[in-house]
Structures are given as C-alpha cells and as structure tokens.
Amino acid sequence: MVSIRRSVSAFVAVAIGVTLVAAATLLLASGRPQVPDRLARAAVVVQSPEAGASADSFVPTRPWSATATAGLVGRLAALPGVAAAVPDRTFYAQPLIDGRPAASDTHEGHGWSSAQLGGLRLTAGEPPRRPGEVVVDRALGLRTGAPVTLLTAVGAESYTVTGLVDRPGVHVADEVAATFAPGVRAIGLVLAADADPGRVATAARGIVGTDGRVLTGDARGVLEPRNDARTRWIGMQVLTATAALAGFVTVFVVASTFAFTIAQRRRELGLLRAVGATGRQVRRMVYGEALVVGASGGIVGLLVGGGLAPLLGWLLVDAGFEPSTFRVGYEPWPVALSLVAGPVISLLAVWSASRRAARVRPLEALREAAVEQRPIGRLRVATGALLVAVGVALSVGTATADEARVAGQYALYAVMALVAGATVLSPAVVGPVVRLLRSPVRRRGGAIGMLVRGGALTATRRTASTAAPVLLTVAFAVLVSGMVRTTTAAYAAGRADNVNAGWIVLPDRAPGLSDQAVAATGGTALLPTTVFRTDPGTAPADRPLTALGVDPAGFAAANRALTVVAGSLDDLRGDDTVVVTASANLRSSEPYAVVFADGTLVSLRVVAVVTDASLPGDLLVPRAVVRTHDPSALTSTVYVRDRIAPPVGARIVDVTTWAAEADAAEDRLVWLFTLLLIGVSAGYGAIAVANTLLLAAAGRAADLRLIRMAGATRRQVVWLVTAESALVVLIGALLGGAVAFVGLLSIRAGLAEQVGAPVDLVVPWSVVAGVVGLCLLLAVLASVLPTWRSLRHRPARSSVGVAG
C-alpha cells in the first residue's frame, strides 16, 4: 500500500521535475524561426545559397552579385502569377536624434520597393524617390519635410524626411539602397490574387537551380535577422540544458528518496517476507508505488508546467534568451513527453531501491532495525568505482579539449558521473569523514556530539541518503559558477595581453563605427566582413570566413600575438593581396579566391602566412578592399595610444575594460544561464533535503522520545537534531565540493593550454555560500520543527520508570 507520508517527497520531486520538463519542451516546441514582418507579404522568397557553416555561426548566405540579381529578378518577374519580384537589400542606417544614434529596435535600412514585401504603408507623406530622401519610423518623433542625419558606414549624411511608417527601420530610394548593398541575399515574389504559391515556387526552382533555394510558408523563417536567430539558438540551448538537468536531478533525488524510504521500511518489508511474500512480489509492490507516484506527479507537473510556460516565455524574452517575436504555443509532443516522463523517471529512480527491498530477509530486517550491518555491497562498490573512473576520464578529456565549449560539455558530464559515483559510494565515505571530525566534535559537542557521531556511524545509509541532495546541489553550483567565472577571466586576460595599445575606441549605441569616426580617431582600425572561400575554376564553395580590413603596419604594431611564419605583412597592399593563417595550408604567392559581400568573385594572392592565434579572424586584406566590396561594413575596434575625445557614435575605454566587455552581452547571457542551472539544482536540492529530513524526523520520533525519557531536555533533543542536520549538510558539501573541484581543475588545465598562459581558478564563494546556507537552513527547519512538535509534552515519570 502506498504511504502518503512516505511518498510525498518523491511526489514533489517528480512533480517539480515534470513541471520543468513540460515548460522547457513547450518552449522548445515554440522556438521555431519566425517569418520577418518585412517579408510577410511575399508568399514565395528566393534565398541566395546557404553558407556551409555550423549551426551556431549565424553567418549570412553567399550573396548574388548585382549582375546575377538583375538576371534573376527579370526571369522571376516573368513567371505566371508573379506581380513583382523585389530584391531585398539590407544595409546599416541609423538616424541621429539630438546628436546621438537613435536607440531603436533596428539599425537596418532598405530600399523603398522592399516595403511591399511586408505590406508596409505610409502613415504620412510620400515615398522617397531621389537621393537624400528617406522614410522613417514615426516613433522617432520626426515630421515630414524635416531634416534628419543618418549614420551610415561612410559617416553622417543629411537626408530629408518625406514620409513616416509605423515600424522600425529606414527606407531610401532604390538606387541609393543599391549603392549601400550591391549584394542581394533574398528576392521576394509578390503574387497575384489568384496565384498558387506552390506552382509559383515550383517554377521558381526551375529558374534558380542550385544558385539558391525557394522558400514558402513557415520555411521563410530562416530569413529572420541573424541576431534573432542567434538569440533563439541560445534560448534553445538554455531550455535543452534545463530539461536535461531537470531529468537528471529528478532521477537522482527520487532515487535518493526511495532509497531512504526503503531503509525506513525494512521492518515492514521483513514482516511481508515473513508471511510469505516473495522477492519478486516485494519488487513489484515497490514498482507499483513508484508508478503511482510518477503518474500522479507527472499529471500535476504537466498542468503546472503548461500554466507557467507563457510566463517563462516572457521572462526568456526579457532576459535576452529569446527574440521579441517569440510566442508560446501548445504542441502535442511536449504534452505526451511530459505525461510519460513522470512514470519513466520514477521507475528508473526506484530500480536500485527495489532490488534492495527484494533482498530483505525476515530475520535480517528485524536485526537491522536498530543497527545497519552491511552499509554497502560489492556490486555497489563496483558500480561506484566505474562511475568515478568515467568521471576521471571525462575530466582528462576536459583538460585536453581544443575548444572551450567542448571542455564545458566534458566537465558537465564528468561532474554528473562523479556525483553519481560519489552518491553510490557515499555510505562507505560517511564513516571516514565522521571519524575525521571526531576530535573537534568530541572536544566541543559533549554528549550531543557523541550521539551525533554514533548515529552517523551506525546509520551510514541514512546519513548518505540525506547528504546526497546536498552533494548534488553543491557540486553543480561550484562547477557551473566556477567554470563560467574562470573561463571569462581567462579569456579576458588573454585578450588584453595580445593588444599593444593604451585605449580602445568602441561603438556607442550603434553596431559599429563609420569611416568618418575612424578617421577622427587617428588609430588602427579593424574593419570586419564576411567572405566566402572558393577555388579558381570551380563552382563557388560556401565556406564563410571572417576577413579583416586593416592597415598592415598599424595592425602589426597593435597586435602582440602576431607571428609571421612565411612572407611579409608589408606586402599587404593593392586590391589583390591577402594574409592567411597556417590552418589554410597555403604558401606565399598561391591564389586564394573569395566571394565578397557584393557577390563579386575575386582571386587574391597570398603574401604572408601567420599562426592561427595571430588573428581575431580568418584572414587579412587591405582596408580599402573591404570598403570597395562591402559598402555597409562597420569598424568594430580602433586601437589608439592616447586618450582622445570620442567622435559621434563612439566611446573610449582602457584595454582592461575592453577585454572584459568584448563578450559582455554573451557573458551576461551565460551568467544568467548559470544562475538558472544553479537555481534548478539548488531548488531541487533544498526541497529534497527538506523532504528527506522531514521523513527522517517522522521515522525517528520514537527514538527521540526515548532520549527524552532518558532525561534529556527538549532543548537538548532539538540541539541533537540540529547538529545531525548540520553534519549531513557538511558531509554533502564536502563531497560535492571535492567532486566539483576535480572538474574545475581540469577546466583550468584546458584553458591554460588554449590561452598559452597560467589561468587562475575563480570560484564565486558568495554563490557557494548561498547554496550551502540554503541547504543548511532548510535542513535545520525540516528537522527541528517536527521534532519540537512531537516533543511538546514531557513524558510521565511512570514511563521513565518502566523504560528504566
């Protein structure tokens, strides 16, 4: 029969776990890319060829040249059912309001003809027809006929507002847009009212062939802005990790809870065996209880998770883990998965406990009701040793990983294995840890200390089961927070050491710096652009690379990491030279063909080869080459010797601040992600500690009353329970901290190898102290409150006499 009191801890753990799984999977199912508003009225969109990059690179597609675009537009416009074929040109344009860049939702400019792809209509004025005319968002507070200054890649330019619209963005005359964005990555088809999108798409594929792809319906979501795609991808990683961690922690906590419950029920199980129950029947009974708990907890978790999903979606958008277009929808598969998750998690968690319950013998149960005779078996020792060995192997993989992301994954898996191994072996570890603390406890604890030590040594399974949630919580809190802080500090220090400059000029409220701003600084600038690698005489390959437009002399002076292995950087001049890294496997004077942002295929000549660590990109070209082929490219960084007054749209910081801020936006998201994971594990751990100790207090009521009858005051009994709770938290914190530090040391070794310098281990002790303090507080409350309640009345003297 299922005991409600004994099952409440497992029920709560399953319900919370399924709540997180349900909410995370519902949000995952809702995370499909959205069709951009500016293309919503184009039932068919032709996209330029995709770049062969990883899913998390978010590089643009390879653009068509102006000539190729004109040919495609003409042929597509002639298709039956097509009212217009409009090339969508996108470039940087940002209005200045009161002398500063406007803090709008977008910094994009488009040609006016693109307005029909999204059904954009004027709310006032008329379209731009000539150079110098512009249509802007009415939210900027400008009036038609008013002058406005636009920041472009070249610099500040004067325009006249001819019209207003009700969406963010800047629209100029089509011929102006063509000069800012000669390369095109999308052509939208506006269809006639009676046209069939499917037939038009089929005909368009016949025209485009392999030089692009035709999109309809929801498939047009791949055209969403790269920043939105990147934000959405980060959100998916957060949700996936949260769901995975929730599942792991739920199995862990429920397994610990069932193990503790089985240990408490040994007398009951022994009596069942004494009246004829077989081991299989006992195991089936335990599985049945787990199934009931899992199913009921799963249903509750699904209802709560489904209700919380919209709120969590709003929080993800507010925190920057999802774009503003994110909307929560309800799909069938997350509901089905959540319903199955509860029973499956419970059955997985109870497997070990059911085997232990089936092995209980009648006389053994009666004998072990007072003292545990066999804290750990050979199979358990072997399993724990195997898990520890796997964790150590993964830690070695962490220390030797080439990428930080791979090292982080190995570290997380390593700690999972080490946590599981430490939990399996914890009954064997409790004794040595308690004996290690024997001297301090004996000196300061008196009789209470003796009872605490004796109770822990004679009930190692119970102590280990209650310490397991603390072990898990502390391990993940120390690992995740320490990993993030150590990695951030290491990369910031390495970045600062590589720069030979006094100050750095950065964009301010703008995505980059214009040529006009760069000229005003007089420093060394980096002008990045995306190019696509190809080989002469073959069809263009779509391998995206980051090319940096630089002045070679200034770049060499500002970059301490620069190491030339062949050729000379002084030869980087003209319009056909390039510097590549050693991983390109090229020699000086070899040809190197790339497609630039304007869609032009250019054959460059290698003039120098540098080490891979020399560049914050893939290759170097003269700055003028980048500007020629990418009129909308923006400067990311300018190195200057002395502090200067920053130009419009710029700010100046010292090198240390720049190094710390270089990945500030990503670091913020990573830290929020870290706190989320710590919150999941710490919340679980705290609840598990509280529930387990509530069960322990209820199960020990008779023992505590006996101590009371032996002459102990109620306050002494409460101190005894408090000390036991503190010891449990201490054991869990020590084991969890040890496990986490193994992972952190391996991460530090891997980082030191990557950055080529010693790396300091950074542990945010405030986070660790908060997690341990929370576990301690809840452990004490969960033990003291039921104990105080059960000992409200002093035993009668006659009872003491009988007991004596």
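Preceding block: the structure.
Predicted, not measured: the structure shown is a model, and the values here were computed from it. (Residues numbered from 1 in each chain as written. Predicted model: local features only at pLDDT ≥ 70, side-chain atom pairs only at ≥ 80, totals over all residues. Heavy atoms only, no water.)

Focus on the overall build of the protein chain
No. 1: Of regular secondary structure, the protein chain possesses 22 helices and 23 strands.
No. 2: Taken over 804 residues, the protein chain has a buried fraction of 50%.
No. 3: A separation threshold of at least 6 residues defines the contact pool for the protein chain, and within that pool the share at least 24 residues apart is 81%.
No. 4: Only carbon and sulfur atoms are counted for the fraction: they give 59% of the accessible area of the protein chain, which is about 35500 Å². (Helix = DSSP H or I, 4+ residues; strand = E, 2+ residues; numbered from the N terminus. Buried < 20%, exposed > 50% of the residue type's maximum accessible area, 1.4 Å probe, protein only. Contact = heavy atoms within 4.5 Å. Areas by Shrake-Rupley, 256 points an atom, 1.4 Å probe, with all protein chains shown as cover.)

Let's talk about the environment of His171
No. 1: Tracing the backbone shows His171 in strand β11 (residues 170-172).
No. 2: Once the C-alpha coordinates of His171 and Val134 are considered, the two residues, 37 residues apart in sequence, prove to be 5.7 Å apart.
No. 3: Ignoring any residue separated from it by four or fewer positions in sequence, one finds His171 in contact with His110, Gly111, Trp112, Leu120, Pro128, Glu133, Val134 and Val135.

Concerning the side chain of Arg232
No. 1: With respect to the helices and strands, the residue Arg232 is situated in helix α5 (residues 226-264).
No. 2: Within polar-contact distance, the side chain of Arg232 engages the side chain of Glu224 at 3.2 Å.
No. 3: The contact partners of Arg232, leaving out residues within four places of it in the chain, are Gly31, Arg32, Pro33, Gln34, Glu224, Phe321, Glu322, Pro323, Thr325 and Phe326. (Polar contact = N/O pair within 3.5 Å; in protein donor to acceptor, adjacent residues only side chain to side chain.)

A few points about the pairing of strand β8 (residues 133-137)
No. 1: For β8, a buried count of five out of five residues is recorded, marking the element as mostly surrounded by other parts of the structure.
No. 2: Pairing of β8 with strand β10 (residues 156-165), which is carried by five bridges, proceeds in the parallel orientation. In the strand pairing of β10, Glu133 is matched with Thr160.
No. 3: Across two bridges, the pairing between β8 and β11 is antiparallel. By the bridge assignment for β11, Val135 is matched with His171. (Pairing = 2+ DSSP bridges.)

Considering helix α2 (residues 66-77)
No. 1: Counted at 1.5 Å a residue, the expected span for α2 with its 12 residues is 16 Å, and the 16 Å between its end C-alpha atoms agrees.
No. 2: Residues Thr69, Leu72, Val73 and Leu76 constitute the buried set of α2. An end-on view of α2 places all buried positions within 100° of arc, on one side of the element. Turned more than 90 degrees away from the buried face of α2 sit Thr67 and Ala70, all of them exposed.
No. 3: Contacts made by the buried residues of α2 are with β1 (44-47), β2 (82-87), β12 (186-191) and α4 (197-208). (Expected span 1.5 Å × (residues − 1). Arc of directions from axis to C-beta.)

A closer look at the side chain of Ser614
No. 1: For Ser614, the location among the structural elements is in the loop between β20 (601-610) and β21 (619-622).
No. 2: Owing to a relative accessible area of 1%, Ser614 belongs among the buried residues under this scheme.
No. 3: Of note is the side chain of Ser614, whose polar atom sits 3.3 Å from the backbone oxygen of Ala561.
No. 4: Those residues in contact with Ser614 that lie beyond four places of it in its chain are Phe555, Asn559, Ala561, Leu562 and Thr563.

What to know about the pattern of salt bridges
No. 1: Within this structure, the stated rule accounts for 13 salt bridges.
No. 2: For Arg129, the salt bridge is made with Glu126, and the minimal N-O distance between the two is 3.7 Å.
No. 3: By relative accessible area, Glu126 is classed as partly exposed at 39%.
No. 4: Its salt-bridge partner being Asp571, residue Arg573 comes within 3.8 Å of it at the nearest N-O pair.
No. 5: Members of the salt-bridge network, linked through shared partners, are Asp515, Arg623 and Arg627. (Salt bridge = Lys/Arg side-chain N within 4 Å of Asp/Glu carboxyl O.)

A word on the packing of α2 against α4
No. 1: Running from amino to carboxyl end, α2 crosses α4 at an angle of 145°, the nearest separation of the two axes being 10 Å. In this structure, α2 meets α4 at a crossing whose hand is right-handed. Across from Leu72, Arg75 and Leu76 in α2, the residues of α4 making contact are Ala204, Ile207 and Val208.
No. 2: Looking at the contact of α2 with α4 residue by residue, the class counts come to five nonpolar, no polar and one charged. (Axes fitted to C-alpha atoms, helices over the stretch in contact; angles between N-to-C directions. Left-handed = near helix turned anticlockwise from the far one by under 90°. Nonpolar A, V, L, I, M, F, W, Y, C, P; charged D, E, K, R; others polar.)

Things to note about the sheet that holds β1
No. 1: Sheet architecture is open: four strands sit in the order β2-β12-β1-β13, paired in antiparallel fashion. On the outer flanks of this sheet lie β2 and β13 (213-216), each paired with one strand and no other. Recorded for the sheet is a direction-independent mean angle of 20° between the axes of neighbouring strands.
No. 2: Seen against the sheet, α2 touches β1, β2 and β12 and runs at an angle of roughly 165° to β2.
No. 3: Strand contacts of α4: β1, β2, β12 and β13, with the helix running at about 170° to β13, the strand carrying the most contacts.

Considering the environment of Ala177
No. 1: Position of Ala177 relative to the elements: it lies in helix α3 (residues 174-180).
No. 2: C-alpha separation for the pair Ala177 and Arg89, spaced 88 residues apart in sequence, amounts to 6.5 Å.
No. 3: Filtering out sequence-adjacent residues up to four positions away, Ala177 remains in contact with Arg89, Phe91, His110, Gly111 and Val172.

Observations regarding the nonpolar core
No. 1: Judged by nonpolar contacts, the single largest core of 58 residues is most densely connected at Val254, Phe258, Val415, Val419, Ile731, Val739 and Leu744.
No. 2: Elements supplying a minimum of two residues to this core: α1 (4-29), α5, α7 (279-319), α8 (332-358), α11 (404-436), α13 (460-497), α20 (714-755) and α21 (765-790).
No. 3: Counting residues per element, this core draws most heavily on α13, which supplies 12 residues. (Core = buried A, V, L, I, M, F, W, Y, C linked by side-chain atoms within 4.5 Å.)

A short note on the environment of Leu312
No. 1: Inspection of the secondary structure assignment puts Leu312 in helix α7.
No. 2: Expressed as a C-alpha distance, the spacing of Leu312 and Val328, which sit 16 residues apart in the sequence, is 9.2 Å.
No. 3: Excluding residues within four positions of it along the chain, Leu312 makes contact with Ala23 and Leu27.

With respect to the pairing of strand β6 (residues 108-111)
No. 1: Alignment of strand β3 (residues 90-92) against β6, held across three bridges, turns out to be antiparallel. Directly across from Tyr92, in β6, lies its bridge partner Glu108.
No. 2: Pairing geometry for β6 and β11, over three bridges, is parallel. Counterpart to Gly111 in the pairing with β11 is Val172.

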